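An overview of the molecular structure
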Amino acid sequence: MSKVYDIGVLPGDGIGDEVVREALKVLDAIQSVHGFATKREHLPYGAEHFLKTGETMPDVAFDRIRQMHAVLFGAIGDPRIEVGKLEFAIIAGMRHKLDLYVNLRPVKLYHESMCPLKGKTPADIDIVFLRENTEDAYAGIHGTTKKDTDFEIALQQMVYTARGTERIIRHAFETAVKRGPKPGKEKPQVTLIDKANAVRAQDIWTRIFAKVAKEYPGVATDHAYIDAACMWMIKNPDWFDVCVTTNLFGDIITDLGAMLIGGMGIASSGNIHPGKVSMFEGIHGSAPKYKGTDKASPLATILSMGLMLDHVGQPAAAKELEATVASLIQTGRIRSLKAGDHKCSELGSMVRDEFLARAKVRA
């Protein structure tokens, strides 16, 4: 009997429905080749649901998701609704209520034509960012007083706990061990990115990183302040291997990383609690101006689905999916990731057909 995975499908807003539809088209092909099945449950939460019902995402939805293997997520956000209302209830809701403390964001270049940096090749850009996903300025502790006056004060707290900091740092070292050393290196490397010299609360990251590193003598370590790390991402991206950082800084630097590999249209991510239900999404937003135009790239969602497959226990399928996307780019069949250069539906079909063709050759 084939393995059956219980998958929540939450398209959300804007281009979410289109990119998720194309990912599921590819998933149909993958499971036919690799001999597993998925039971898919549509989750309707997003702008339209909120406007009809006044409900963002109820507790019963989180209870149901806890019984699943994973959630494939499209995007959230709609100009008709207050900025942040849906995002905090749905994306942050899943991150906090499901304790998805690992934000996994690969930054991997598949062809030099996709990189805006002169002379950089796939050998130079293959980075894994591990962003802490539940604390920092995104913990939700904020407020204002004397609003709309000259004396208004707005506060948002950065929160770091020993438990939260240690578990993401430890996961980074485990990831480095699993990846092994990059070509030409003797050891895998973990780089801590923080701003502990100015944000003194982040000294907790410095101390815990040093403590955990002692348990992994086979892993090299390095450190960069966030401003220097952004500079080095442009100047020498090959310097980075596995990087671990705070929630806020990770959010920013991985968008920079996305630009090095072709843009938001190919940038994948996983919101993960190892061994438990987790959520996977492209890091682009809902891009409402492209909704219904068939112009958005689904590759970020398709590659995020690959991370999902690896998470639920189908690493061979995940590896072959990534190789399929890479092949389409490297052979020039995917000419560009600019919105509209390929139709969203065209890219989904290309990945599906190439995946099936590669499987046929192997057979």
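What this report covers is the structure whose coordinates are included nearby. From a predicted model like this one, the values you see are computed outputs, not experimental measurements. The residue numbering used here restarts from 1 in each chain and proceeds along that chain's sequence as written. At least 70 in pLDDT is required for a residue's local features to be given in this predicted model, at least 80 for side-chain atom pairs to be given and counted, and no such filter applies to totals for whole chains, interfaces and linings, which use all residues. For the side-chain quantities, the full set of heavy atoms in the structure was used; hydrogens and water were omitted.

1. A few points about the sheet that holds strand β3 (residues 70-75)
Rule in force here: Note on pairing: DSSP must find at least two bridges between two strands before they are called paired. Segments assigned H or I by DSSP are reported as helices when at least four residues long, segments assigned E as strands when at least two residues long, and all are numbered from the N terminus. Comment: axis = line fitted to C-alpha atoms, over the contacting stretch for helices; angle = value between 0 and 180 degrees taken between N-to-C directions.
With respect to topology, 10 strands assemble into an open sheet ordered β2-β1-β3-β12-β11-β4-β5-β10-β8-β9, the strand pairing being mixed. Pairing within the sheet leaves two strands with one partner each, and these edge strands are β2 (37-42) and β9 (220-225). Sheet twist, expressed as the mean angle between neighbouring strand axes with direction ignored, is 25°. With 3 bridges joining them, strand β4 (residues 102-108) and strand β11 (residues 268-272) adopt antiparallel strand pairing. Looking at β11, one finds that V102 is bridged to I272.

2. Here we look at the packing of helix α1 (residues 16-34) against helix α9 (residues 299-312)
This is how it is decided: An angle counts as roughly parallel when it lies under 35 degrees, as roughly antiparallel when it exceeds 145, as roughly perpendicular when it falls between 65 and 115, and as oblique in every other case. Whether a crossing is left-handed or right-handed is set by the direction in which the near helix is turned from the far one by less than a right angle, anticlockwise for left-handed and clockwise for right-handed. In what follows, a contact means two residues having at least one pair of non-hydrogen atoms within 4.5 Å.
Between α1 and α9, the least distance of the axes is 9 Å, while the angle of their chain directions is 50°. The pairing of α1 with α9 is recorded here as oblique in orientation. When you trace α1 past α9, the crossing you get is right-handed. Residues V19, V20, A23, V26, L27 and I30 of α1 form the contact with α9, whose participating residues are T301, I302, M305 and L309.

3. Section: the packing of aromatic side chains
In plain terms, the rule: When two rings of Phe, Tyr or Trp (its six-membered ring) have centres within 6.5 Å they constitute a pair, described as stacked for plane angles under 30 degrees, edge-to-face for angles over 60, and tilted for the intermediate range. Each residue gets one of three labels from its accessible area relative to the maximum for its type: buried under 20%, exposed over 50%, partly exposed in between, using a 1.4 Å probe on protein chains only.
Per the stated rule, a full pass over the model turns up 5 aromatic pairs. Ring geometry for F173 and Y216: centres 5.1 Å apart, planes at 25°, overall stacked. Here the residue F173 occupies a position in helix α5 (residues 162-179), and Y216 occupies one in the loop between α6 (203-213) and β9, the gap between them amounting to 43 residues. Like F173, the residue Y216 is buried in the burial classification. With a centroid separation of 5.6 Å and 50° between ring planes, the pair formed by W232 and W239 is classed as tilted.

4. So, the nonpolar core
To keep things clear, this is the line we draw: By nonpolar core is meant a set of buried Ala, Val, Leu, Ile, Met, Phe, Trp, Tyr and Cys residues that side-chain atoms within 4.5 Å join together.
Within the largest apolar cluster, 83 residues are counted, with the highest numbers of intra-cluster contacts made by I30, I169, F173, V190, V244 and M305. Per element, the largest residue contribution to this core is 8 residues, and it comes from α9. Those residues within four positions of F173 in sequence are excluded, and the remaining contacts are V190, F209, V212, A213, Y216, V219 and T221. Listed in part, the 22 residues of the second largest apolar core include M68, V71, L86 and M94.

5. Focus: the environment of D294
Quick note on the threshold: Distance and chemistry together define a polar contact, namely a pair of N or O atoms within 3.5 Å, with one atom able to donate a hydrogen and the other to accept it when in protein, and with adjacent residues in sequence counting only for side-chain atoms on both sides.
Relative to the assigned elements, D294 resides in the loop between β12 (278-282) and α9. The spatial distance from the C-alpha of D294 to the C-alpha of G340 is 7.6 Å, given a sequence separation of 46 residues. If we skip the residues at most four places from it in the chain, D294 touches E18, H342, K343, C344 and S345. Polar side-chain contacts of D294 include one of 2.8 Å to the side chain of S345.

6. Examining the pairing of strand β5 (residues 126-132)
When a strand is regular, its side chains alternate between the sheet's two faces. Along β5, 6 of the 7 residues are buried, which leaves the element largely enclosed by surrounding structure. Of the pairings in the sheet, the one linking β4 to β5 comprises 7 bridges and is antiparallel in character. Looking at the pairing, L104 lines up with L130 of β5. Relative to strand β10 (residues 242-245), β5 runs parallel, the two sharing 4 bridges. Bridged to V128 within β10 is V242.

Geometry only, nothing functional implied.
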